[in-house]
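Below, each chain spelled out in residue letters.
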Amino acid sequence: AQSVTQLGSHVSVSEGALVLLRCNYSSSVPPYLFWYVQYPNQGLQLLLKYTSAATLVKGINGFEAEFKKSETSFHLTKPSAHMSDAAEYFCAVSEGNTPLVFGKGTRLSVIA
Amino acid sequence: NAGVTQTPKFQVLKTGQSMTLQCAQDMNHEYMSWYRQDPGMGLRLIHYSVGAGITDQGEVPNGYNVSRSTTEDFPLRLLSAAPSQTSVYFCASTTIAVGGNIQYFGAGTRLSVL
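Everything numeric in this text was worked out from a predicted model, so none of it was measured. (Residues numbered from 1 in each chain as written. Chains lettered and ligands numbered in written order. Predicted model: local features only at pLDDT ≥ 70, side-chain atom pairs only at ≥ 80, totals over all residues. Heavy atoms only, no water.)

Draft legend 1. Quick peek at the overall build of chain B. Secondary structure summary: chain B contains zero helices and eleven strands in total. Overall, chain B shows an N-to-C arrangement of helices and strands of β-β-β-β-β-β-β-β-β-β-β. Taken against the 2.2 N^0.38 rule, which gives 13 Å for 114 residues, the C-alpha radius of gyration of chain B at 13 Å falls within 12% of a compact globule. Once the C-alpha set of chain B is aligned to its principal axes, its extents read approximately 45 × 30 × 25 Å. Split into buried and exposed, the 114 residues of chain B put 49% on the buried side. In chain B, the proportion of contacts linking residues at least 24 apart, taken out of those at least 6 apart, comes to 53%. On chain B, roughly 5,200 Å² of surface is accessible, and the fraction owed to carbon and sulfur atoms is 53%. Charge separation in chain B, taken as the distance between the mean sites of 7 positive and 7 negative side-chain charges, equals 12 Å. (Helix = DSSP H or I, 4+ residues; strand = E, 2+ residues; numbered from the N terminus. Rg over C-alpha atoms; globule rule 2.2 N^0.38 Å. Buried < 20%, exposed > 50% of the residue type's maximum accessible area, 1.4 Å probe, protein only. Contact = heavy atoms within 4.5 Å. Areas by Shrake-Rupley, 256 points an atom, 1.4 Å probe, with all protein chains shown as cover. Lys, Arg positive; Asp, Glu negative; His and termini not counted. Charge placed at Lys NZ, Arg CZ, Asp CG, Glu CD.)

Pasting the structure below:
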């Protein structure tokens with residue numbers, strides 16, 4: 001069965017600094033991988049998804065993620081953090097049309 | 001385009017009460033799911049449905065019941081509420097596409113069971 005591990009339940013960065021949120025997955029077949037963002041008191045919004053077309057995936061709001069099969073990782077990055085990036089981020093995995101399995105989330109704080 | 005609509009947004013129940021959380025989508029998606037979100041636990045799948053008349057259990061189904069009589073609606077029933085069911089509940093509707101499905105989430109229902 002597939003699973004996701006997000007390293008770090010809370011990450012704090014300074015405004016303008018690099019954002020790196022880590023995600024490792026386990027899957028018995030080539031996976032589909034996703035990053036979602038949740039702003040306070042809101043639902044989840046899709047940031048980006050990996051579908052095997054390209055290992056480097058660009059998403060909304062300047063975020064991108066790189067699929068590394070050898071490391072079973074799908075880390076999320078953004079070159080320069082903005083205050084508006086403060087939110088909770090979830091990595092998720094799916095095997096074909098199976099339901100998404102989510103990681104436990106990483107809360108990103110951005111310090112002015 | 002409303003997307004996924006959940007009602008109510010907030011609810012307080014007493015232990016033992018029953019209630020139904022409503023979820024409706026207007027995107028004609030076959031696939032719908034219910035998750036609960038608890039601090040430090042991420043989102044856990046309660047039940048899901050791959051089409052009208054078809055439902056299946058997820059990771060944490062106990063204490064919840066679902067049915068899918070139409071494509072648009074996927075209600076979640078709490079049969080006898082318990083404090084352990086205090087949580088935020090999210091309904092999701094999924095488009096199945098080449099390259100993997102994409103889930104669209106409702107705004108959530110915050111439930112407190114006293």
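Draft legend 2. Local environment of the packing of aromatic side chains. For the structure on display, the rule yields 13 aromatic pairs over all chains. Ring geometry for Tyr50 of chain A against Phe67 of chain A: centres 4.1 Å apart, planes inclined by 15 degrees, an arrangement best described as stacked. Of this pair, Tyr50 of chain A sits in strand E5 (residues 44–50) while Phe67 of chain A is found in strand E7 (residues 64–68), placing the two residues 17 residues apart along the sequence. Take Tyr50 of chain A and Phe67 of chain A: they sit in the same class, and that class is buried. Relative to Tyr48 of chain B, the ring of Tyr31 of chain B lies with its centre 5.9 Å away and its plane at 10 degrees, an arrangement referred to as stacked. (Phe/Tyr/Trp six-rings, centres within 6.5 Å; stacked < 30°, edge-to-face > 60°.)

Draft legend 3. Examining the side chain of His29 of chain B more closely. Residue and element names in this part refer to chain B. Considering the arrangement of structural elements, one finds His29 in the loop between strand E3 (19–25) and strand E4 (31–38). For His29, a relative accessible area of 10% translates into the label buried. Separated by 2.6 Å, the side chains of His29 and Ser93 make a polar contact. Those residues within four positions of His29 in sequence are excluded, and the remaining contacts are Arg68, Thr71, Ser93, Thr94, Thr95 and Tyr104. (Polar contact = N/O pair within 3.5 Å; in protein donor to acceptor, adjacent residues only side chain to side chain.)

Draft legend 4. Highlighting the interface of chain B and chain A. Contacts between the two partners involve 20 residues from chain B, matched on the other side by 22 residues from chain A. Buried area between chain B and chain A, both sides added, is near 1,700 Å², and the carbon and sulfur share of it is 54%. Here chain B and chain A share zero salt bridges between them. Along the contact surface separating chain B from chain A lie four residue pairs in polar contact (both at pLDDT 80 or more). (Buried area = accessible area lost by both parts, 1.4 Å probe. Salt bridge = Lys/Arg side-chain N within 4 Å of Asp/Glu carboxyl O.)

Draft legend 5. Representation of the state of the cysteines. Residue and element names in this part refer to chain B. A complete count under the given rule lists two disulfides over all chains for this structure. Bridging Cys23 to Cys91, the disulfide has an S-S length of 1.8 Å. The chirality of the disulfide connecting Cys23 with Cys91 is left-handed, given an S-S dihedral of about -70 degrees. Taken as a pair, Cys23 in strand E3 and Cys91 in strand E9 (residues 87–95) lie far apart in primary sequence, 68 residues in all. As far as burial versus exposure is concerned, Cys23 and Cys91 are alike and both buried. (Disulfide = S-S within 2.5 Å.)

Draft legend 6. Broad picture of the pairing of strand E11 (residues 109–113) of chain B. Residue and element names in this part refer to chain B. Side-chain alternation along E11 places Thr109, Leu111 and Val113 on a buried face and Arg110 and Ser112 on a face that remains uncovered. Two strands pair when backbone bridges link them, and strand E2 (residues 10–13) and E11 are joined in this way by four bridges, in the parallel orientation. From the neighbouring strand, Phe10 faces E11, where its bridge partner is Arg110. Across three bridges, E9 lies against E11 in antiparallel orientation. Paired with Ser87 across the bridge in E11 is Leu111. (Pairing = 2+ DSSP bridges.)

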